[in-house]
Amino acid sequence: MTENVLVTRDAGVMEITFNRPEKKNALTRAMYAEVVDALRSADADPAVRVAILTGSGDIFTSGNDIKDFQIRAVAGNDSPASPFLTALSTMQTPLIGAVNGAAIGVGTTMLAHCDLIVASRSARFVMPFTSLGLVPEAGSSLLFPRLLGNQRASALLLLGEPLTAETALEWGFVNQVVEPEALMDTARGFARRMAVLPPQAVRQTKQLIRHGAPDVTARIAEELVLFRERLSSPEAGEAFAAFVEKRKPDFSRFE
Ligand code: COA
């Protein structure tokens, strides 16, 4: 276990915290594996009634570690996000997202699998896949149009337009927006209410809401195939290099 993912349990509530603040909680291969273990252990332990996902410091997560993307582009390693997305999208325990700042890339797409979302006023949701030469993942190309309509989903996924906490509330993407200092109390309040409900009724209701949709699993798989191809594309190569070199990318040479 690294210290980059913190997992605590208290009175039926598991809290999973991305904790790599010096890198804006960017998710490494090891971190994905630790979150998968936590999600699976929540499902395996009847004492865990609900889980909360959050980030430490001023950000939820800046998404996948871009240096890891560069390594995968060359090495062709398996996607560390793939088992994470499987665990997340098939999880039986209710999951609450507590978004304390920016949620970027998979930071936002993972939230589409949360059952309740509380956002701090400073939260913003950004999916800059196209500007990284990538395509959406986590079923977001299906879930966002379904949730928000094609036009709004296109602004988010094609343009990478940021969504503020207030607009996310207005569009029904989050349940509540609170001041940053009230975030965890509010999320824990939802969790405590969930934790005292009859657990089977809760899990079955989540199952009915979430898992009647085999098309989500199929879309996650379809996206991952394209995503893997895109990772080693020259467009993505330019985007990753620009990020690491702290310069603007130049896509003008691509057809
Ligand atoms: N992968 C790898 N490193 C990351 C990262 C990521 N996704 N996000 C941030 N970092 C690193 C930065 O490289 C920097 O490292 P350094 O101190 O060694 O230079 C450190 O975290 C702090 O980030 P910085 O960019 O200086 O902070 P900021 O407050 O100016 O900006 C963000 C924060 C999150 C807006 C910005 O870092 C960002 O846009 N990150 C990339 C997000 C992204 O595109 N994710 C992939 C989505 S698919």
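Scroll up to find the structure.
Since this is a predicted model, take the numbers as computed values, not measurements.

(A) Broad picture of the site of the ligand. Taken together, 15 residues lie around the ligand, and Lys-23, Ser-62, Asn-64, Ile-66 and Lys-246 are the ones closest in. Lys-23 places a side-chain nitrogen or oxygen 2.5 Å from an oxygen atom of the ligand. Isolated, the ligand exposes 870 Å² of accessible area, and the fraction of that covered by the protein chains is 66%. Split into classes, the residues belonging to the shell around the ligand amount to seven nonpolar, three polar and five charged.

(B) Here's a closer look at the pairing of strand β2 (residues 13-18). With six of its six residues buried, β2 lies for the most part within the structure. Of the two faces of β2, the one carrying Val-13, Glu-15 and Thr-17 and the one carrying Met-14, Ile-16 and Phe-18 are both buried. Sheet topology note: the strand β1 (residues 5-10)/β2 ladder contains six bridges and is antiparallel. Within β2, the position partnered with Arg-9 by the bridge is Met-14. Hairpin remark: β1 followed by β2, antiparallel, with two residues in the connecting loop; positive phi at Ala-11, about 50°. By the bridge criterion, six bridges tie β2 to strand β3 (residues 50-55) in an arrangement that is parallel. Following the sheet pairing, Met-14 is matched in β3 by Ala-51. Handedness of the crossover joining β2 and β3 through helix α1 (residues 29-44): right-handed.

(C) A look at the packing of aromatic side chains. The final tally for this structure, using the stated rule, is seven aromatic pairs. Here the aromatic rings of Tyr-32 and Phe-84 are separated by 5.5 Å at their centres, their planes lie at 50°, and the arrangement is tilted. Of this pair, Tyr-32 sits in helix α1 while Phe-84 sits in helix α3 (residues 81-89), and the two are 52 residues apart along the sequence. Looking at Tyr-32, the relative accessible area reads 2%, which means it is buried. A residue is classified by how much of its surface remains accessible, and Phe-84, at 1% relative accessible area, is buried. Here Phe-69 and Phe-240 contribute two aromatic rings whose centre-to-centre distance is 5.3 Å and whose plane-to-plane angle is 25°, an arrangement assigned as stacked. Of this pair, Phe-69 sits in helix α2 (residues 66-75) while Phe-240 sits in helix α11 (residues 234-244), and the two are 171 residues apart along the sequence.

(D) Structural view of α1. The terminal C-alpha atoms of α1 lie 23 Å apart, and with 16 residues this matches the ideal 22 Å at 1.5 Å per residue to within 8%. Restricting attention to buried positions, one finds in α1 the residues Met-31, Tyr-32, Glu-34, Val-35, Val-36, Ala-38, Leu-39 and Ala-42. Packed against the buried residues of α1 are β1, β2, α3, β5 (95-99), α4 (106-109) and α9 (199-210).

What counts and how
- Residues numbered from 1 in each chain as written.
- Predicted model: local features only at pLDDT ≥ 70, side-chain atom pairs only at ≥ 80, totals over all residues.
- Heavy atoms only, no water.
- Near = heavy atom within 4 Å.
- Polar contact = N/O pair within 3.5 Å; in protein donor to acceptor, adjacent residues only side chain to side chain.
- Areas by Shrake-Rupley, 256 points an atom, 1.4 Å probe, with all protein chains shown as cover.
- Nonpolar A, V, L, I, M, F, W, Y, C, P; charged D, E, K, R; others polar.
- Buried < 20%, exposed > 50% of the residue type's maximum accessible area, 1.4 Å probe, protein only.
- Helix = DSSP H or I, 4+ residues; strand = E, 2+ residues; numbered from the N terminus.
- Pairing = 2+ DSSP bridges.
- Right-handed = clockwise from strand over helix to strand, strands pointing away.
- Phe/Tyr/Trp six-rings, centres within 6.5 Å; stacked < 30°, edge-to-face > 60°.
- Expected span 1.5 Å × (residues − 1).
- Contact = heavy atoms within 4.5 Å.

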